[in-house]
Amino acid sequence: MPRIRPIRTEAIVLRQRPLGDADRICVLFSPTRGRVEAVAKGVRKPLSKMSGHVEPLSRGQFGLAQGRSLFVVTDAQTLDSWPSLHDDVQRMTEALAMAELVERSTDADISSGPLYQLLRHSLDALADTPSPPAIRWWFTLRFFDQQGYRPELEACVRCRADVGPGGNGYSAVDGGVVCPSCHGAGHGQRLSSPVFRLLRYMRRSSAESTAQVRVDAQASAELEQHLRLSLEQALDGRLRSSGFAEELARAESIGRNASRAAAEREREEQERAAV
Ligand SMILES: [Zn+2]
């Protein structure tokens, strides 16, 4: 069998899970290779030099060699560890939600430069913001664009009439804003004026500017619902089938971590049985 040359790539660590007593499987996101799963050997041992370089939600330069089934991390060097994400539960929750979205939408061996840059920029912005959810909203709108699902915010998606800020609906299935007349005929869910303005503002503004906007709890809940329904459309059922969209909407870090830990335990057992 021909020997495959090791790979060097920059990547963001999306997630990791334990493997056996000493190792971890790292889910890496590379701009050139998409999602890559690689075993980091010995990183659960106390004196591991590599463990600090494969932490979830850090960016680094990685050497990867092809193992029997997965890649093996041969070396890792941190480029950005985003400490302020790791010190704040709310920032961490939003960062994990973005990372999970990237993981679920990305296949292996797919060049993913634009999505990589979007995630990297969003994590930069998240690390330095007083308003973590706003960065995820901003990220999600651009994520939609990259998935080929760009919500229409200028004209009614059903009759093409220009829309003002009042009386509109939002239809995730149709892909955007519904004018008052079509909304009155039963299309779309209510789209309040503040959320309509916020969506348009986020589309044309930077992440940093978006984070400065004050959004009350009611508008925030409404926006989350429109984004969640749109995510289901953008990913064409991939989220729906996994229940991830509901999980994202709850964004309850405790419940989230508990259910993830249970799922990881189950997966670890399966992987151990397969090794
Ligand atoms: Zn209309």
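Keep in mind that this is a model prediction, so the values were computed, not measured.

> Looking at this structure, how should I read the overall build of the protein chain?
Across its full length, the protein chain carries 11 helices and 8 strands. Taken over 275 residues, the protein chain has a buried fraction of 36%. The long-range share in the protein chain, meaning contacts at least 24 apart out of those at least 6 apart in sequence, stands at 54%.

> Would you explain the environment of Asp 88 in this entry?
Within the secondary structure, Asp 88 sits in the loop between helix H1 (83-86) and helix H2 (89-105). When the 15 C-beta atoms within 10 Å are taken as the criterion, Asp 88 is described as partly exposed. Taking C-alpha positions, Asp 88 is 9.3 Å from Ala 127, a pair spaced 39 residues apart along the chain.

> Explanation requested: unusual backbone geometry in the structure shown.
The phi angle of most residues is negative, glycine excepted, and most peptide bonds adopt the trans form. Non-glycine residue Leu 57 carries a positive phi angle of around 60°. Tracing the backbone shows Leu 57 in the loop between strand E3 (34-40) and strand E4 (59-66). The exposure class of Leu 57 is buried, given the 23 C-beta atoms found within 10 Å. If you check the backbone angles, Trp 82 has positive phi at about 45° while not being a glycine.

> Would you take a moment to explain the packing of helix H4 (residues 132-146) against helix H8 (residues 217-234) for this structure?
When two helices pack together, their arrangement is given by the angle between the helix axes and the distance between those axes. Between H4 and H8, the shortest axis-to-axis distance is 11 Å and the interhelical angle comes to 30°. Here H4 lies roughly parallel to H8, going by the angle between them. Both H4 and H8 take part in a crossing whose hand is left-handed. Two secondary-structure elements touch here, H4 through Pro 133, Trp 137, Thr 140 and Phe 144 and H8 through Ser 220, Leu 223, Leu 227, Ser 230 and Ala 234.

> Whenever I open this one, the pairing of strand E5 (residues 71-80) confuses me. Can you help?
Looking down a regular strand, the side chains alternate between one sheet face and the other. In this structure, E3 lies alongside E5, joined through 2 bridges in parallel fashion. Counterpart to Ala 38 in the pairing with E5 is Phe 71. The sheet contact formed by E4 and E5 spans 8 bridges and is antiparallel. Paired with Gln 66 across the strands is Phe 71, a residue of E5. The turn linking E4 back onto E5 is made up of 4 residues.

> Whenever I open this one, the sheet that holds strand E1 (residues 7-19) confuses me. Can you help?
Paired through backbone hydrogen bonds, the strands of a sheet run either parallel or antiparallel to each other. Spatial ordering of the closed barrel is given by E1-E2-E3-E5-E4, a layout of 5 strands whose pairing is mixed. Neighbour-to-neighbour, the strand axes of the sheet open up by a mean angle of 45°, direction not taken into account. Lying on the sheet, H2 is in contact with E1, strand E2 (23-30) and E3; it crosses E1 at an angle near 105°.

> In this structure, what is going on with H4? I would like to understand it.
Three or four residues apart is the spacing at which side chains of an α-helix point the same way, because the helix has 3.6 residues per turn. Over its 15 residues, H4 extends 21 Å from the first C-alpha to the last, a length consistent with the 21 Å expected when each residue adds 1.5 Å. For H4, the set of buried residues is Pro 132, Ala 134, Ile 135, Arg 136, Trp 137, Trp 138, Phe 139, Thr 140 and Phe 143. If you follow the buried residues of H4, they end up packed against H2, helix H3 (113-126), helix H6 (193-204), helix H7 (207-210) and H8. Two residues or fewer past H4, Gly 148 is found with a positive phi of approximately 80°.

> Would you explain the environment of Ala 95 in this entry?
Residue placement: Ala 95 occurs in helix H2. Its 26 C-beta neighbours within 10 Å are what place Ala 95 among the buried residues. In this structure the C-alpha to C-alpha distance between Ala 95 and Arg 136, which are 41 residues apart in sequence, comes to 7.8 Å. Here Ala 95 is in contact with Leu 57, Leu 85, Leu 123 and Leu 126, once residues within four sequence places are set aside.

> Mind showing me how you'd approach the pairing of E4 here?
Sheet analysis places E1 next to E4, joined by 6 bridges and oriented antiparallel. Bridge pairing links Glu 10 to Gln 61 in E4.

> What should I look at first to understand the sheet that holds strand E7 (residues 176-178) in this one?
With antiparallel pairing, the 3 strands of this open sheet are ordered in space as E7-E6-E8. Of all the strands in the sheet, the pair left with one neighbour each is E7 and strand E8 (189-190). Bridge analysis of strand E6 (residues 169-171) against E7 gives 3 bridges, and the strand direction is antiparallel. Counterpart to Ser 171 in the pairing with E7 is Gly 176.

Analysis parameters
Residues numbered from 1 in each chain as written. Predicted model: local features only at pLDDT ≥ 70, side-chain atom pairs only at ≥ 80, totals over all residues. Helix = DSSP H or I, 4+ residues; strand = E, 2+ residues; numbered from the N terminus. Buried ≥ 20, exposed ≤ 12 C-beta atoms within 10 Å, placed from the backbone. Contact = placed C-beta atoms within 7 Å. Axes fitted to C-alpha atoms, helices over the stretch in contact; angles between N-to-C directions. Parallel < 35°, antiparallel > 145°, perpendicular 65-115°, else oblique. Left-handed = near helix turned anticlockwise from the far one by under 90°. Pairing = 2+ DSSP bridges. Expected span 1.5 Å × (residues − 1).

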